[in-house]
Amino acid sequence: MERDLGNEKLINERFRLSGRREGQEDSIVSVGKASFGGGNISNIAGPCTIEDYDQTLEIAKAVKEAGADILRGGAFKPRTSPYSFQGLGKEGIDILYSVGKEVGIPIVSELTTLKYLDIFIEKVDMIQVGSKNMSNFELLKELGKIDKPILLKRGLYATYEEWLSSAEYILYNGNPNVILCERGIRTFETYTRNTLDILAVPVMKRLTHLPIIIDPSHSGGKWWLVEAGAKAGIAAGADGLMIEVHTDPDKAICDGSQSLIPERYKKLLEELKIR
Ligand code: PEP
Ligand code: MN
């Protein structure tokens, strides 16, 4: 079979729903008033993990004022080590939910197990599938049976086709609301946390009609790399950004070193003219 990923044969076989057919328009996925795709660029920002109510509220107000459309915050954290902070769990979702309502901003958080699906359906506006779960097909199948937007992060070692196949699982099961998120892949380089694959944007734009956003925080792993990664992503045609922001990065429980302070985040959105 010819290996041009844009070809009809491949679409007909494996990417029936996610593949972009000749001349097919971008899909637009909406979360509250925010839209991704078809020329719409939206911004997701917030802490790596929910720490407590006051911290979440402070960050939520700051990112909204800076121009963010959606508040992020992990409550179930898939950490490399079992000894690392695992997140506040259900309490974290409750905090994020209350803060979202108080500030008037939709929320996104990562679901790691189907055990909590009902809570997420009730309280979260968009469900994140993290890179470590991109190939958790049972999770993807169930997320296909609901209609909430799903933010599908690229797996650490996933090829474009593997990533799109994961999206196909969700679409095939009935949910068309999928947003892809490039968050860097693992390469031989260790200076950066992951290697941001900017060309994922034009490749996925060609392969699929689904929106794609860039996470420059988890790719570079350092706050001073976020600006360049974000700008490169938008220049490449990304439909949005997900950026970790914290009002006190030095004291953040996790990922403080890659978190922007709200002032820098605001300046970045201003420079990109996407607020
Ligand atoms: C996150 O965005 O909170 C996260 C854990 O990222 P990733 O799944 O890309 O590692
Ligand atoms: Mn993080």
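Heads up: the structure comes first, above all this text.
Just so it is clear, the structure is predicted and the values come from calculations on it, not from any experiment.

Participant: Just give me the short version of the site of ligand 1, but keep the residues and values in it.
Facilitator: Around ligand 1 sit Arg72, Lys77, Glu110, Gln128, Gly130, Ser131, Lys132, Lys153, Arg183, His218 and Met242, and that is every residue in its neighbourhood. Within the side chain of Lys153, an N or O atom sits 2.8 Å from an oxygen atom of ligand 1. Protein contact buries 97% of the 290 Å² of open area that ligand 1 shows by itself. Residues belonging to the shell around ligand 1 are distributed by class as follows: one nonpolar, four polar and six charged.

Participant: A description of the environment of Gly37 should follow, citing residues and the corresponding values.
Facilitator: Mapped onto the elements, Gly37 comes out in the loop between β2 (34-36) and β3 (42-46). A relative accessible area of 0% places Gly37 in the buried class. Counting along the chain gives 63 residues from Gly37 to Gly100, while the straight-line C-alpha distance between them is 23 Å. If near-sequence neighbours (up to four positions away) are discounted, Gly37 is found in contact with Asp26, Ser27, Ile28, Pro211 and Asp239.

Participant: With reference to specific residues and values, describe the packing of aromatic side chains.
Facilitator: We describe a pair of aromatic rings using the distance from one ring centre to the other and the angle between the two ring planes. Tallying each qualifying case throughout the model produces three aromatic pairs. Here Phe76 and Phe120 contribute two aromatic rings whose centre-to-centre distance is 6.0 Å and whose plane-to-plane angle is 40°, an arrangement assigned as tilted. Of this pair, Phe76 sits in the loop between β4 (70-72) and α3 (90-103) while Phe120 sits in helix α4 (residues 117-123), and the two are 44 residues apart along the sequence. When sorted by exposure, Phe76 lands in the same class as Phe120, which is buried. Between Phe137 and Tyr169 the ring centres are 4.7 Å apart and the planes differ by 25°, which places this aromatic pair in the stacked class. Of this pair, Phe137 sits in helix α5 (residues 137-143) while Tyr169 sits in helix α6 (residues 160-172), and the two are 32 residues apart along the sequence. A relative accessible area of 33% places Phe137 in the partly exposed class. Among the aromatic residues, ring-to-ring pairing joins Phe76, Tyr116 and Phe120 into one connected group. Above the face of the Tyr97 ring, Lys123 is positioned so that its terminal group lies 5.8 Å from the ring centre.

Criteria and thresholds
Residues numbered from 1 in each chain as written. Chains lettered and ligands numbered in written order. Predicted model: local features only at pLDDT ≥ 70, side-chain atom pairs only at ≥ 80, totals over all residues. Heavy atoms only, no water. Near = heavy atom within 4 Å. Polar contact = N/O pair within 3.5 Å; in protein donor to acceptor, adjacent residues only side chain to side chain. Areas by Shrake-Rupley, 256 points an atom, 1.4 Å probe, with all protein chains shown as cover. Nonpolar A, V, L, I, M, F, W, Y, C, P; charged D, E, K, R; others polar. Helix = DSSP H or I, 4+ residues; strand = E, 2+ residues; numbered from the N terminus. Buried < 20%, exposed > 50% of the residue type's maximum accessible area, 1.4 Å probe, protein only. Contact = heavy atoms within 4.5 Å. Phe/Tyr/Trp six-rings, centres within 6.5 Å; stacked < 30°, edge-to-face > 60°. Lys NZ or Arg CZ within 6 Å of the ring centre and 35° of its normal.

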